[in-house]
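Structure assessment
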Amino acid sequence: KMAAAGGWAAVCEKFRTARTLSAVESRKDPETEPYRSKYSARALLQAVKQLLSAAGEGGEARLLAVRRAVLEYELGVNHTDTEELPAGEEHLQRCTQLLEPHRLSPDCVSLYIQAQNNLGILWSERDEIKTAQTYLESAEALYNQYMKEDGNPPLDPSEHFMAEEEKLTDQERSKRFEKAYTHTLYYLAQVYQHLEMIEKAAQYCHTTLKRQLEYCGYYPVEWALNAATLSQYYLTKECFMESRHCLAAASVIFSQAGQEPSAEDNETEQDQQDLRQRRAEIARCWIKYCLNLLQSARKLLEDNIGELDPDRQLELKAQRKKEEDEKEKGRKKAVLFGSSDICDSVLAMEEKVSSVYPLDFQEAREIFLVGQNYVQEAKEFFQVDGYVTDHIEIVQDHSALFKVLAFFEEDYERRCKMHKRRIDMLEPIYADLNPQYYLLISRQLQFELADTYYEMMDLKVAIGNRLEELDSHTVKKINSLAQLAIKYYELFLDSLRNPDKVFPEKLEEDVLRPAMVAKFHIARLYGKLITSDSKKQLENMQTSLEYYTFLVDYCEKYPDAVRAVETELELSKEMVGLLPTRMERLRAKLCPFI
């Protein structure tokens, strides 16, 4: 019998060596034999299994079954690691079968949960997400049942091959058990993501992040990126306090990555480069946060022509005053990450930017400035050379920040200057872009430039309307802005033509609305051009009429296009009715004798 202490000690030694080979030595395996240590570990585990079988049944049947289950588990993980999934599955199944009757007892529960976690991983690797879900949810249920019915720190699987005096403290046992359960939640979050159960995925991701901090089991960079990603989910739900909290925590935890020497202390240039990229990615999440907060506030404040509604503004300010005191207290408790020292850093980070809707220019500007700082930080890494699409997206976000800030600005001249800043950042990028390779981005820029010039032209007209009489300088300005808007709308429309320069009979769904808006705006712009030459004015009216007519005819031919351009269509019909009469009157003035 193996009862002799020496024999058992030798068995434990073999088991420990196998685990060290698998966990530590395997990292140093050469690329030519990536699984060398894993195979050596497997041979040792098989040998221990032989010794156990030889030990017979006796009165220790349950003890033996559990020890065998530990070996089946280790062999299952080993085969999965070497990409032999069928064998891995077989061993893991055998492990759970051996444990089934004892799965709720303190010496088995942790092992059983870890076996189910690994079966979950194994089935996700086969893309059988539903099956993976079953294993992981059953692991989750078992954890909850055990904590409710027993709750004492259970044995760690490795302890089944340890001498009494080596056994772990309760504190260490608890830490390892909680870590196994955190893994369950982490994989469940991914499973729900795959199954497009987004709400649930976010909830599990949040809990995982929270637990990783509590038990100090995380890699700062990976943790920070997961938290930043979660913040973007909260943005879609307009939960700005939660989103800001995740981002603040991401920034705080990420800063640990730079400080702590990594396991292999010879950090390469590549590692440094990766860190810089991750940091820039978190900065980009902050940009989106500031932009979304400003845009949501605009939605709340705008009237039906897109201007700031002062009554609504007063109403919202009064409402906010009332809510502020109650809400902050309630929601803070629900989301907080981490221990007190981390909390303090996170709070300090959060205080740098508001999480409530800005309701006036001053408040909006503060959020804008934070966003703009992150734009600079992100652009430092994502430079035009090498990261052209990322770089342009960041500049587009910068432009969008100016656009939404202009909404809050009451002074038309200053508002115009903000739009000019957008032109100054977008035009050089557009000029350097090869539209053959970057058709989509090129179109986005053409349209945004056109829209910005259009907006500026409208502002200059509004400024002009306040003057006693239009001076030639303002007239020149209005005309040149209108011409530039027309130029970029036409470039956009030209990009829709086929290689033979023919405009499409029927527009694709994704360009339908922009194309119709472009046509409609060009029609309006020709109507805004100021000229003292009546002949020129007639030509402009004629062109205007042609563009309005395009909209009306297109929507008659394709009635399903109507819902994309309802307002524009209504106004176009009106103009198609009015313009011919106006033109008749002008012609009569020109040639009274005909």
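Described in the following lines is the structure provided in the data block. Just so it is clear, the structure is predicted and the values come from calculations on it, not from any experiment. (Residues numbered from 1 in each chain as written. Predicted model: local features only at pLDDT ≥ 70, side-chain atom pairs only at ≥ 80, totals over all residues. Heavy atoms only, no water.)

Quick look at the overall build of the protein now. Regarding its fold elements, the protein presents 21 helices and zero strands. Computed over C-alpha atoms, the radius of gyration of the protein comes to 34 Å, more than 25% over the 25 Å expected from 2.2 N^0.38 for 594 residues, which places it beyond the range of a compact globule. C-alpha atoms of the protein, sized along the principal axes, occupy 125 × 60 × 45 Å. Among the 594 residues that make up the protein, the fraction classed as buried is 46%. (Helix = DSSP H or I, 4+ residues; strand = E, 2+ residues; numbered from the N terminus. Rg over C-alpha atoms; globule rule 2.2 N^0.38 Å. Buried < 20%, exposed > 50% of the residue type's maximum accessible area, 1.4 Å probe, protein only.)

On to helix α3 (residues 61-81), then. For α3, built from 21 residues, the straight-helix expectation of 30 Å at 1.5 Å per residue is met to within 8% by its first-to-last C-alpha distance of 30 Å. Counting buried positions along α3 yields 16 of 21 residues, so the element is predominantly enclosed. One or two residues past the end of α3 sits Glu83, with phi positive at roughly 65 degrees. (Expected span 1.5 Å × (residues − 1).)

One pass over the full model with this rule turns up 29 aromatic pairs. Summarising the aromatic geometry, the rings of Tyr218 and Trp223 are spaced 6.3 Å apart at their centres and angled 55 degrees between planes, so their arrangement reads as tilted. Look at Phe520 and Tyr548: their rings are 6.0 Å apart centre to centre, the planes differ by 65 degrees, and that puts the pair in the edge-to-face class. Of the two residues, Phe520 sits in helix α19 (residues 509-528) while Tyr548 sits in helix α20 (residues 534-557), which places them 28 residues apart along the sequence. (Phe/Tyr/Trp six-rings, centres within 6.5 Å; stacked < 30°, edge-to-face > 60°.)

Turning to the nonpolar core, a few remarks are in order. Membership of the largest hydrophobic core comes to 175 residues, with the highest contact counts inside it found for Phe161, Trp286, Tyr289, Tyr489 and Leu507. In terms of residues, this core owes the most to one element, helix α11 (residues 269-301), which gives 14 residues. Those residues in contact with Leu507, other than ones at most four positions away along the chain, are Leu496, Leu512, Ala515, Met516 and Tyr554. (Core = buried A, V, L, I, M, F, W, Y, C linked by side-chain atoms within 4.5 Å. Contact = heavy atoms within 4.5 Å.)

Here the focus is the packing of helix α18 (residues 472-494) against α19. The angle between the axes and the distance between the axes are what describe a pair of packed helices. Interhelical geometry of α18 versus α19 gives an angle of 155 degrees and a closest axis separation of 9 Å. As judged from the angle between their axes, α18 and α19 are roughly antiparallel. The two elements α18 and α19 cross, and the hand of that crossing is left-handed. Here Ile478, Asn479, Ala482, Ala485, Ile486, Tyr489, Glu490, Phe492 and Leu493 of α18 lie close against α19, whose contacting residues are Pro514, Ala515, Ala518, Lys519, His521, Ile522, Leu525, Tyr526 and Lys528. (Axes fitted to C-alpha atoms, helices over the stretch in contact; angles between N-to-C directions. Parallel < 35°, antiparallel > 145°, perpendicular 65-115°, else oblique. Left-handed = near helix turned anticlockwise from the far one by under 90°.)

For the structure shown, the criterion picks out zero disulfides. Counting only cysteine sulfurs, Cys246 is the nearest neighbor of Cys205, a cysteine outside any disulfide, at a range of 7.9 Å. (Disulfide = S-S within 2.5 Å.)

It is worth spelling out the environment of Met456 at this point. Positionally, Met456 belongs in helix α17 (residues 439-465). Sequence separation of Met456 and Phe177 is 279 residues, and the distance between their C-alpha atoms is 63 Å.

Attention shifts here to the pattern of salt bridges. Under the definition given, this model contains 39 salt bridges. Its salt-bridge partner being Arg42, residue Glu84 comes within 2.7 Å of it at the nearest N-O pair. Of this pair, Glu84 sits in the loop between α3 and α4 (85-99) while Arg42 sits in helix α2 (residues 36-54); the two residues are 42 residues apart in sequence, bridging distant segments of the chain. Close ionic contact of Glu363 with Arg320 constitutes a salt bridge, the shortest N to O distance being 2.7 Å. Of this pair, Glu363 sits in helix α14 (residues 361-381) while Arg320 sits in helix α12 (residues 310-335), and the two are 43 residues apart along the sequence. In this structure Glu363 comes out as partly exposed when scored by relative accessible area, which is 25%. A relative accessible area of 19% places Arg320 in the buried class. One connected set of salt bridges, linked through shared partners, spans Lys49, Glu72, Glu90 and Arg94. (Salt bridge = Lys/Arg side-chain N within 4 Å of Asp/Glu carboxyl O.)

Glancing now at the layout of surface pockets. Taken as a whole, the largest pocket spans an internal volume of roughly 1,600 Å³. For the largest pocket, the lining is made up of 47 residues, of which Arg19, Tyr73, Gln114, Lys179 and His183 are closest to its centre. Residue assignment for the lining of the largest pocket shows that the elements contributing at least two residues are α1 (5-23), α2, α3, α5 (109-125), α7 (170-194), α8 (198-214) and α9 (220-236). Among the elements that line the lining of the largest pocket, the one with the most residues is α7, at nine residues. Residues belonging to the lining of the largest pocket are distributed by class as follows: 19 nonpolar, 14 polar and 14 charged. What the second largest pocket holds in volume is close to 1,100 Å³. Along the walls of the second largest pocket sit 30 residues, with Ile305, Gly306, Tyr454, Glu455 and Asp458 positioned nearest its centre. The set of elements that each furnish at least two residues to the lining of the second largest pocket consists of α15 (388-408), α16 (412-431), α17, α19 and α21 (566-590). Among the elements that line the lining of the second largest pocket, the one with the most residues is α17, at eight residues. Classifying every residue of the lining of the second largest pocket gives twelve nonpolar, six polar and twelve charged. (1 Å grid on protein atoms, 1.4 Å probe; cavity = no way out; pocket = protein on both sides within 12 Å on 5 of 7 lines; lining within 4 Å. Points joined across faces, edges and corners; volume = space filled by probe spheres on them. Nonpolar A, V, L, I, M, F, W, Y, C, P; charged D, E, K, R; others polar.)

A few words now on a nonpolar patch on the surface. There is a patch of nonpolar side chains on the surface, built from Leu467, Leu470 and Ile530 and spanning about 220 Å² of accessible area. For Leu470, the location among the structural elements is in the loop between α17 and α18. (Patch = residues over 30% accessible without salt bridge, like charges linked within 9 Å, V, L, I, M, F, W, Y side chains within 5 Å. Areas by Shrake-Rupley, 256 points an atom, 1.4 Å probe, with all protein chains shown as cover.)

The next thing to look at is the side chain of Ser544. Along the polypeptide, Ser544 turns up in helix α20. Polar side-chain contacts of Ser544 include one of 2.5 Å to the backbone oxygen of Ala523. Ignoring any residue separated from it by four or fewer positions in sequence, one finds Ser544 in contact with Ala523, Tyr526, Gly527 and Leu579. (Polar contact = N/O pair within 3.5 Å; in protein donor to acceptor, adjacent residues only side chain to side chain.)

The next subject is the packing of α9 against α11. Remark: α9 packs on α11, axes separated minimally by 10 Å, with the N-to-C direction vectors making an angle of 20 degrees. The pairing of α9 with α11 is recorded here as roughly parallel in orientation. The handedness of the crossing between α9 and α11 is left-handed. Residues Val221, Ala224, Leu225, Ala228, Ser231, Gln232 and Leu235 of α9 form the contact with α11, whose participating residues are Leu275, Arg278, Glu281, Ile282, Cys285, Lys288, Tyr289 and Asn292.

As a further point, take the environment of Met349. Secondary-structure assignment places Met349 in helix α13 (residues 340-350). On the basis of relative accessible area, Met349 is assigned to the buried category, the value being 15%. For Met349 and Leu247, which are 102 residues apart along the polypeptide, the C-alpha to C-alpha distance reads 8.9 Å. Setting aside residues no more than four positions away along its own chain, Met349 makes contact with Ala248, Ser251, Val252, Trp286 and Tyr374.

To continue, consider unusual backbone geometry. Phi at Asp127 is positive, roughly 65 degrees, even though this residue is not glycine. Note that Asp127 resides in the loop between α5 and α6 (129-149). Assessed through its relative accessible area of 61%, Asp127 is described here as exposed. Residues other than glycine seldom take positive phi values, yet Glu238 does so here, at roughly 55 degrees. Summarising the element assignment, Glu238 is placed in the loop between α9 and α10 (240-259).

Fair warning: the whole summary comes from geometry, so function is off the table for now.
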